[in-house]
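Next come the chains, spelled out residue by residue.
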Amino acid sequence: MLLVLVLLAAGGCVAVFVTVSNEVSKTVTVEYAVTGDARDVTIAYSVWNDDGVSSRSETVASLPWRKTLETKGFAKGGSLLISLSGTGGTATCSVIVDDGTPTTATASGPSAAATCSGF
């Protein structure tokens, strides 16, 4: 009986490992977008590489802004952060992974911020 339990536990661990390995090795498309009328918007977004997740940022004078990444090593938990300047306006961030359901959030007003995360 103990041997059966050990074999079942080992088999479960192998199945989890194979699933995670397949997820990490497949190519995923991540589409980032920021739309609205805000100006001088700072945008920080996740990128995936062999070392894990890191972030990049840039400031754009006007919207819309779009970035599409084809990546391997994708792990859930990325983010897209938008920060508006003191002049305000409205901006909406959107993230779509492999044509899935978009994750969105909106910032409105001077120095407002919004985060699209959990994708």
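Residues numbered from 1 in each chain as written. Predicted model: local features only at pLDDT ≥ 70, side-chain atom pairs only at ≥ 80, totals over all residues. Heavy atoms only, no water.

Q: Help me understand the sheet that holds strand E1 (residues 28–36), please; the structure alone is not making it clear to me.
A: Within a sheet, neighbouring strands are paired by backbone hydrogen bonds and run either parallel or antiparallel to one another. Strand order in the open sheet formed by four strands is E4-E1-E6-E7, and the pairing between neighbours is antiparallel. Either end of the sheet is taken by a strand with one partner, and the two such strands are strand E4 (65–71) and strand E7 (103–108). The sheet shows a mean angle of 10° between the axes of neighbouring strands, direction not considered. For strand E6 (residues 90–97) and E7, the ladder comprises six bridges, and the chain directions are antiparallel. Across the sheet, the residue bridging to Ala 91 is Ala 107, located in E7. (Pairing = 2+ DSSP bridges. Helix = DSSP H or I, 4+ residues; strand = E, 2+ residues; numbered from the N terminus. Axes fitted to C-alpha atoms, helices over the stretch in contact; angles between N-to-C directions.)

Q: How should I be thinking about the state of the cysteines in this particular structure?
A: Simply put, disulfide is the name for a covalent bond between the sulfur atoms of two cysteines. Applying the stated rule across the entire model yields one disulfide. Disulfide pairing places Cys 93 opposite Cys 116 at an S-S distance of 2.2 Å. Between Cys 93 and Cys 116, the S-S dihedral sits near 100°, and the bridge is therefore right-handed. You can see Cys 93 sitting in strand E6 and its partner Cys 116 sitting in strand E8 (residues 113–117), a full 23 residues away along the chain. With respect to class, Cys 93 is no different from Cys 116; both count as buried. (Disulfide = S-S within 2.5 Å. Buried < 20%, exposed > 50% of the residue type's maximum accessible area, 1.4 Å probe, protein only.)

Q: I keep staring at the packing of aromatic side chains and nothing clicks. Help me out?
A: The relative placement of two aromatic rings is captured by the distance of their centres and the angle of their planes. Considering all chains together, one arrives at five aromatic pairs under this definition. Relative to Trp 65, the ring of Tyr 45 has its centre 5.5 Å away and its plane inclined at 45°; by these criteria the two rings are tilted. With a gap of 20 residues between them, Tyr 45 in strand E2 (residues 39–49) and Trp 65 in strand E4 connect regions that are remote in the sequence. Of the two residues, Tyr 45 and Trp 65, both sit in the buried class. For the pair Trp 48 and Phe 119, a centre-to-centre distance of 6.3 Å together with 70° between the ring planes defines the contact as edge-to-face. Residue Trp 48 is located in strand E2, and its partner Phe 119 is located in the segment after E8; the two are separated by 71 residues in the primary sequence. There is no split in this pair, since Trp 48 and Phe 119 are both buried. (Phe/Tyr/Trp six-rings, centres within 6.5 Å; stacked < 30°, edge-to-face > 60°.)

Q: Looking at this structure, how should I read unusual backbone geometry?
A: Glycine aside, residues mostly have negative phi, and peptide bonds are mostly found in the trans state. With omega at 15°, the peptide bond leading from Leu 63 into Pro 64 counts as cis. One non-glycine residue, Asp 40, lies in the positive phi region at around 55°. Here Asp 40 lies in strand E2. Since its relative accessible area comes to 40%, Asp 40 is described here as partly exposed.

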